[in-house]
There are 2 protein chains.
Amino acid sequence: MDSQAIHQIRHFDRFYTQLFRLTDKYHLHTTLTLVEARLLLEIGENHRNTAVQLTQALTIDKGYLSRLLTKLADRGLLQRTANPVDKRTKILVLTTAGEASLATINERADEQVQHLFANLTPTETQQVLDAMATIQAHVQTKPTDE
Amino acid sequence: MDSQAIHQIRHFDRFYTQLFRLTDKYHLHTTLTLVEARLLLEIGENHRNTAVQLTQALTIDKGYLSRLLTKLADRGLLQRTANPVDKRTKILVLTTAGEASLATINERADEQVQHLFANLTPTETQQVLDAMATIQAHVQTKPTDE
DNA sequence: GACACTAGTTGCTTTTGTCAACTATTGGAG
DNA sequence: CTCCAATAGTTGACAAAAGCAACTAGTGTC
């Protein structure tokens, strides 16, 4: 891989991260931070229902996570119930309020995406989608077995 | 734009950010944080030579920035000299040590990219590059004039 | 039944980032 | 030329985010 290619990729990366930092940073849901939103998503949609799974999925410290979860529980978005099978763990489930929050988060995220691509023609949009698919197809996420 | 498309885009976004978070986070340069690295890059390569320009480029608080810059200056990576033209501002220049740091940062980043795309054939690589170009061409970064 | 191991909590610390107040300077309006 | 609003940068105080290590309780294995 020549340095020209590398340069292009890094350029794209800067472009991309900046682009999405803008949308990312601001109010997906006024009261939730990014991590918190991410947690709701992982619990509610990706069915990670224990803390360990979450630390792995988001690679965050378990102490930090523990606090985040209590915060969410305090706000009534989340329930931690005992697990009869393994009493060390607790099963995480979104409350209906939590589901609702997650729903609005998703709405906002959708809106932002929509806004970002607002002035594209359908064909252009399709080209972008294809491009994204290409990238995903080629660059597979290996666990980077360092 | 239909919800299917939105869904695809958000999926790509999750994929992408996760992918690069992995490479990103770890040791670009053992002693510098991401922001600091980014600062060196902006100053050394993109020729932003005043603090204001940096706050705009990286959208970070000017107080925070000020401290970051003094830290870099203390480490001898950066020099802040008076600007005769506008005495309110200070001109930022990398020292040779700073240039050196920047160089190694770039090397590391290049390595990471290379590693990430290591097992692609030249044609596949080209496809990825084209895909990235397509995305950049279509999705322009507007200042999101909210 | 002893022991190494895992899940989660808690206290403590550091890092990161924000906000507001302040100084020095600039540039424009009258 | 003088006032004054605006700008660049610094500093203090503080809040939020994140990390580390020690601890408890439970698990599974030998």
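Residues numbered from 1 in each chain as written. Chains lettered and ligands numbered in written order. Predicted model: local features only at pLDDT ≥ 70, side-chain atom pairs only at ≥ 80, totals over all residues.

- An unreviewed UniProt entry lists chain A under the name HTH marR-type domain-containing protein, with Levilactobacillus senmaizukei DSM 21775 = NBRC 103853 as the source organism.

1. Description of the protein's contact with DNA strand C
Logical step 1: Close contacts around DNA strand C come from 22 residues, with Ala51(A), Gly63(A), Ser66(A), Gly63(B) and Tyr64(B) the closest.
Logical step 2: Breaking the surface near DNA strand C down by element, the ones donating at least two residues are α3 (51-58) and α4 (62-74) of chain A together with α4 (62-74) of chain B.
Logical step 3: It is α4(A) that contributes the most residues to the surface near DNA strand C, six residues altogether.
Logical step 4: Of the residues in the surface near DNA strand C, the class split is six nonpolar, seven polar and nine charged. (Near = placed C-beta within 6 Å. Helix = DSSP H or I, 4+ residues; strand = E, 2+ residues; numbered from the N terminus. Nonpolar A, V, L, I, M, F, W, Y, C, P; charged D, E, K, R; others polar.)

2. Overview of the relation of the copies chain A and chain B
Logical step 1: Under the fitted operation, chain A is carried onto chain B by 0.1 Å of movement along the axis and a turn of 180 degrees, and the coordinates agree to an RMSD of 0.3 Å. On this basis, the relationship between the two copies can be described by a two-fold rotation axis. Taking the C-alpha atom as reference, chain A places Ala131(A) closest to the rotation axis, 2.1 Å from it.
Logical step 2: Mapped onto chain B, 100% of the interface residues of chain A again fall at the interface, so both copies present the same surface. (Least-squares fit on C-alpha atoms with pLDDT ≥ 70 in both. Contact = placed C-beta atoms within 7 Å.)

3. With respect to unusual backbone geometry
Logical step 1: Residues other than glycine seldom take positive phi values, yet Thr59(A) does so here, at roughly 45 degrees.
Logical step 2: When you line up the elements, Thr59(A) lands in the loop between α3 and α4.
Logical step 3: The backbone phi angle of His47(B) is positive, close to 55 degrees, even though this residue is not glycine.
Logical step 4: With 9 C-beta atoms counted inside 10 Å, the residue His47(B) sits in the exposed group. (Buried ≥ 20, exposed ≤ 12 C-beta atoms within 10 Å, placed from the backbone.)

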